[in-house]
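Working through the structure, step by step
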Amino acid sequence: MGPISTDTLVGNIAVMTDFSPCSSSALDHAIRLAAAAKAKLILLHAIEPWRHAYFPNELEMEQQVANRARWDMLREEAKLADLRHEVVVQQGKPWEVLRRVMESQYVGMIVLGTIGMVGFHNDEVLGATAQQVIRQAPCRVLSVGSEVAVKDTFPNLSQILFPTDLSGRSPAAASYAALLAERYHARLALMHVVPGHQPPQSEEAEWLKEGYRRRLAEVARESLALTQEPDYLVEFAETPA
């Protein structure tokens, strides 16, 4: 891995917003990253088509929603005055709008919140768009959780946790975690969770943990260029979460 610089951190940054508090927090994160990397920020909002047949004035309602979206976007765009940026408001589902943008210009990172408007708090709804983007996007995705949305300032990235299943895709993800760690002078920890119920202090468990720590260290040596050795964490749990 070559020298790390902010120029290689990201390309253009696409931010999806529905104007909710979580989306606003995601935008704040994207602004900070774009400023550090001197990247262009593309702010997107998707106006999903109405399918409410019981509204007799559906076209009028759609127009009101579109007008409100453009007004809200002007308010959000005011935050981008010091950045190279572009604003996109289009009809369609969020992933469709995002995909159209990615087909027309290079996007190196997508930033989005995990909880949208109207207070949805169940996995079935709140994760629908985020999961689709994470699974299908050909670039890096930064998902900003709901707990981050209540904070007033961009967090101090003093510690970065990189959970890994040690699969073939781990080195690419690890290299980006290292990139962030070096850029923000943060401490990096690589973590692997072993599914199982072994007693955490048993001799066998400690032997297994040591083996996985060596594998984490191999990932670090092969994929990372760090000025300080990362931490290697191995735990037993029923699920990684």
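Relevant structure appears above.
Residues numbered from 1 in each chain as written. Predicted model: local features only at pLDDT ≥ 70, side-chain atom pairs only at ≥ 80, totals over all residues. Heavy atoms only, no water.

**Digging into the pattern of salt bridges**
- Under the defined criterion, the tally for this structure stands at seven salt bridges.
- Here D72 makes a salt bridge to R68, at a shortest N to O gap of 3.2 Å. You can see D72 and its partner R68 sitting in helix α2 (residues 58–77), four residues apart, about one turn around the helix.
- Owing to a relative accessible area of 7%, D72 belongs among the buried residues under this scheme. (Salt bridge = Lys/Arg side-chain N within 4 Å of Asp/Glu carboxyl O. Helix = DSSP H or I, 4+ residues; strand = E, 2+ residues; numbered from the N terminus. Buried < 20%, exposed > 50% of the residue type's maximum accessible area, 1.4 Å probe, protein only.)

**Concerning the environment of R213**
- Mapped onto the elements, R213 comes out in helix α6 (residues 203–223).
- Residue R213 is classed as partly exposed on the basis of its relative accessible area of 24%.
- On a C-alpha basis, the gap between R213 and D231 in space is 9.3 Å, while along the polypeptide they are 18 residues apart.
- Here R213 is in contact with E206, Y232 and V234, once residues within four sequence places are set aside. (Contact = heavy atoms within 4.5 Å.)

**Quick word on the sheet that holds strand β6 (residues 159–163)**
- As summarised here, the arrangement of the three strands in space is β6-β7-β8, forming an open sheet in which the pairing is parallel. Two strands bound the open sheet, and with one partner strand each, they are β6 and β8 (231–237). For this sheet the average axis-to-axis angle between neighbouring strands, irrespective of direction, equals 25 degrees.
- Relative to strand β7 (residues 187–195), β6 runs parallel, the two being bridged by five bridges. The residue bridging Q159 from the neighbouring strand is R187, located in β7.
- Relative to β6, helix α5 (residues 170–183) is tilted by about 180 degrees, and along the sheet it contacts β6 and β7.
- Running over the sheet, α6 touches β7 and β8 and is turned about 135 degrees from β8. (Pairing = 2+ DSSP bridges. Axes fitted to C-alpha atoms, helices over the stretch in contact; angles between N-to-C directions.)

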